[in-house]
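Analysis of the macromolecular model
Each chain, written out:
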Amino acid sequence: MILSCLDDDPRMERTLCRFAGLLGHEVRFQTTSGALRDDLGRHVPDAIVLDLSLGNETGIDVLAWLADAHPNIPLVLLSGQGDELLDTARRIAQGKGLIVFGAVNKANLVRELPAVLSQRNSPPRQQRPQAQVQAKHPLRVEDLRESLRAGQITPYFQPILSARTLQPVGAEVLARLPLPEGGVLGAGAFIPLAEQSGLIMELTRVLSERLIELEPQLRPFGLDFLSINLSAANIERKGAAAMVKRLVDAFAGSSRIMIELTETAVLPDLQQMRALTTELRLGGASLAIDDFGIGYSSIRALAELPYDALKIDLSFVDEMFDSEKSANLIAAMVHMAHSLNLQVVAEGVETEAQRHQLIAIGVDRLQGYLFGHPVPIEHFVC
């Protein structure tokens, strides 16, 4: 591998060249950003090794230029100022669309750099399926209203496994919308429109009725629970409570109903959410706080509302091997949740390494593409 390295400390040249040479890599070393630009103009390397501290400029300035001029060259970030700074710089680079192999503390260069550079030959992470296709024309409110009137919202199911047995114990129910011209729209293509247009309650009602129709087909799976998202946007408390109670009664002989509420949806009217969640629990439903960790109301919501489970947002799982901070936060969330007698679900599990680490941390349930994609009932397998 050919590495183009930018570091304003010339002493690093001998260290990097010797060390990288032992690993079979060639290093082209520059001490200024101008020299790096000239080098990239002549030769495209396999990766750029970029120090964040560059005297009169910083590596952040270089990241901005690379994002415009060479966005496809992977990066290895270096710093002697600590892991937290490296972690933030990595997020900046990824936010600009750059590829980051890893972030290495100079104090751990000999130990960490070989593992980072080896990622070039590692198999890529499992690609996420395109659950959402593009409609030939933008979906309009009238189109969505007609689809709801025709009952066309379709439940898809993604398994949730016990971390202890790795057997399915539940499934999340996800809304999908079949298109007249073929294909299926994912929830992200029509849920925001439903919320903005005041159709979210009707959409959730249609999804619930379709789910009830599938109860005889779901019963043989023996799932402990079915998890359903409830949007707080334009929510009608009494209507939502009655709709959930109907679901609870319909599945009384087979599966519990768990309602997922995103933490970001809790704060706008906390008093209303107190009343709603209490009615849902009294009606027989369980409650989970979804996407935990990405909003600002997390701890307050746990203190105020009667949750049974906590779902760790998939962004933390995705970053757990790239960011020590994310891994530590997952462990802290699990400890906190267990101290409150909450079950913990880790979302977005895509690799065996993530699975092993999450089990070691102590999560109770696992969900993600490693175990199954959202599928219609005819393709759902436990």
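Please read these numbers as outputs of a predicted model, since none were measured by experiment. (Residues numbered from 1 in each chain as written. Predicted model: local features only at pLDDT ≥ 70, side-chain atom pairs only at ≥ 80, totals over all residues. Heavy atoms only, no water.)

1. Notes on the overall build of the chain
- Of regular secondary structure, the chain possesses 15 helices and 16 strands.
- If you line up the chain on its principal axes, its C-alpha atoms span 70 × 50 × 40 Å.
- Buried positions account for 48% of the 382 residues belonging to the chain.
- For the chain, the proportion of contacts with a sequence separation of at least 24, taken over those separated by at least 6, is 70%.
- For the chain, the computed accessible surface area is about 18,100 Å², with 51% contributed by carbon and sulfur atoms.
- Both charge centroids of the chain, one from 35 positive and one from 47 negative side chains, sit 3 Å from each other. (Helix = DSSP H or I, 4+ residues; strand = E, 2+ residues; numbered from the N terminus. Buried < 20%, exposed > 50% of the residue type's maximum accessible area, 1.4 Å probe, protein only. Contact = heavy atoms within 4.5 Å. Areas by Shrake-Rupley, 256 points an atom, 1.4 Å probe, with all protein chains shown as cover. Lys, Arg positive; Asp, Glu negative; His and termini not counted. Charge placed at Lys NZ, Arg CZ, Asp CG, Glu CD.)

2. A look at the packing of aromatic side chains
- If you walk through the whole model with that rule in mind, you get two aromatic pairs.
- When the centroid spacing of 5.9 Å and the interplanar angle of 50 degrees are considered together, the rings of Phe157 and Phe380 count as tilted. Taken together, the residues Phe157 in strand E8 (residues 154-162) and Phe380 in the segment after strand E16 (365-367) connect sequence positions 223 residues apart.
- Measuring from ring centre to ring centre gives 5.1 Å for Phe221 and Phe380, while their planes differ by 80 degrees; the resulting arrangement is edge-to-face. Taken together, the residues span a long stretch of sequence, with Phe221 in the loop between helix H9 (215-218) and strand E11 (225-229) and Phe380 in the segment after E16 at a distance of 159 residues.
- Phe221 gets classed as partly exposed once you look at its relative accessible area, which sits at 26%.
- Since its relative accessible area comes to 5%, Phe380 is described here as buried. (Phe/Tyr/Trp six-rings, centres within 6.5 Å; stacked < 30°, edge-to-face > 60°.)

3. Quick word on the pairing of strand E7 (residues 100-105)
- Of all six residues in E7, five are buried, a share of seventy percent or more.
- Relative to E7, strand E6 (residues 75-79) runs parallel, the two sharing five bridges. Pairing of Leu75 across the sheet is with Val100, part of E7.
- Traced from E6 through helix H4 (residues 83-95) to E7, the parallel crossover comes out right-handed. (Pairing = 2+ DSSP bridges. Right-handed = clockwise from strand over helix to strand, strands pointing away.)

4. A word on the packing of helix H2 (residues 33-42) against helix H3 (residues 59-69)
- Running from N to C, H2 and H3 point in directions that differ by 20 degrees, and their axes come no closer than 11 Å. Relative to H3, H2 is oriented roughly parallel. Relative to H3, the crossing made by H2 is right-handed. Contacts between H2 and H3 involve Ser33, Leu36, Arg37 and Leu40 on the former and, on the latter, Val62, Trp65 and Leu66. (Axes fitted to C-alpha atoms, helices over the stretch in contact; angles between N-to-C directions. Parallel < 35°, antiparallel > 145°, perpendicular 65-115°, else oblique. Left-handed = near helix turned anticlockwise from the far one by under 90°.)

5. Let's talk about the side chain of Ser323
- Within the secondary structure layout, Ser323 lies in the loop between helix H13 (314-319) and helix H14 (324-339).
- A polar contact is formed between the side chain of Ser323 and the backbone nitrogen of Ser326, at a distance of 3.1 Å.
- Leaving out residues up to four positions away in the same chain, Ser323 has contacts with Asp87, Arg90 and Arg91. (Polar contact = N/O pair within 3.5 Å; in protein donor to acceptor, adjacent residues only side chain to side chain.)

6. Looking at the sheet that holds E6
- Overall, parallel pairing links the five strands, which are arranged E2-E1-E3-E6-E7 in an open sheet. Edge positions in the open sheet fall to strand E2 (26-30) and E7, since each of these has one partner strand only. Neighbour to neighbour, the strand axes of the sheet diverge by 20 degrees on average, direction disregarded.
- Against the sheet, H3 engages strand E1 (2-6), strand E3 (47-51) and E6, with an angle of about 150 degrees to E3.

7. Details of the environment of Ala93
- You can see Ala93 is positioned in helix H4.
- Separated by 85 residues in sequence, Ala93 and Asp8 place their C-alpha atoms 20 Å apart.
- Excluding anything up to four places from it in sequence, Ala93 contacts Leu63, Leu75, Leu98 and Val100.

8. Structural notes on the pattern of salt bridges
- Tallying each qualifying case throughout the model produces 20 salt bridges.
- Of the charged contacts in the structure, one is a salt bridge between Glu260 and Lys311, with a shortest N-O distance of 2.7 Å. One end of the pair, Glu260, is in strand E12 (residues 256-262); the other, Lys311, is in strand E14 (residues 309-312), with 51 residues separating them in the sequence.
- The exposure class of Glu260 is buried, given its relative accessible area of 1%.
- The exposure class of Lys311 is buried, given its relative accessible area of 2%.
- Linked by salt bridges that have partners in common, Asp87, Arg90, Arg91 and Glu319 make up one network. (Salt bridge = Lys/Arg side-chain N within 4 Å of Asp/Glu carboxyl O.)

9. Re unusual backbone geometry
- The phi torsion at Leu166 lies on the positive side, around 60 degrees, for a residue other than glycine.
- On the secondary structure map, Leu166 appears in the loop between E8 and strand E9 (168-178).
- Judged by its relative accessible area of 30%, Leu166 falls in the partly exposed class.
- Positive phi, normally seen in glycine, also occurs at Asp291, with a value near 55 degrees.
- As for its placement among the helices and strands, Asp291 is situated in strand E13 (residues 286-292).
- On the basis of relative accessible area, Asp291 is assigned to the partly exposed category, the value being 22%.

10. Brief notes about the environment of Pro71
- Examined against the element boundaries, Pro71 turns out to sit in the loop between H3 and E6.
- C-alpha of Pro71 to C-alpha of Ala93: the two residues are 22 residues apart in sequence and 9.8 Å apart in space.
- Apart from the residues within four sequence positions on either side, Pro71 is in contact with Leu66, Gly97, Leu98 and Ile99.

11. Remarks on the pairing of E14
- Every second residue of E14 is oriented toward a common face, with Ala309 and Lys311 on one face and Leu310 and Ile312 on the other, all of them buried.
- Across three bridges, E13 lies against E14 in parallel orientation. In the strand pairing of E14, Ile289 is matched with Leu310.
- Alignment of E14 against strand E15 (residues 343-346), held across four bridges, turns out to be parallel. Across the sheet, residue Leu310 finds its bridge partner in E15, namely Val344.

Taken by themselves, the reported measurements are silent on function.
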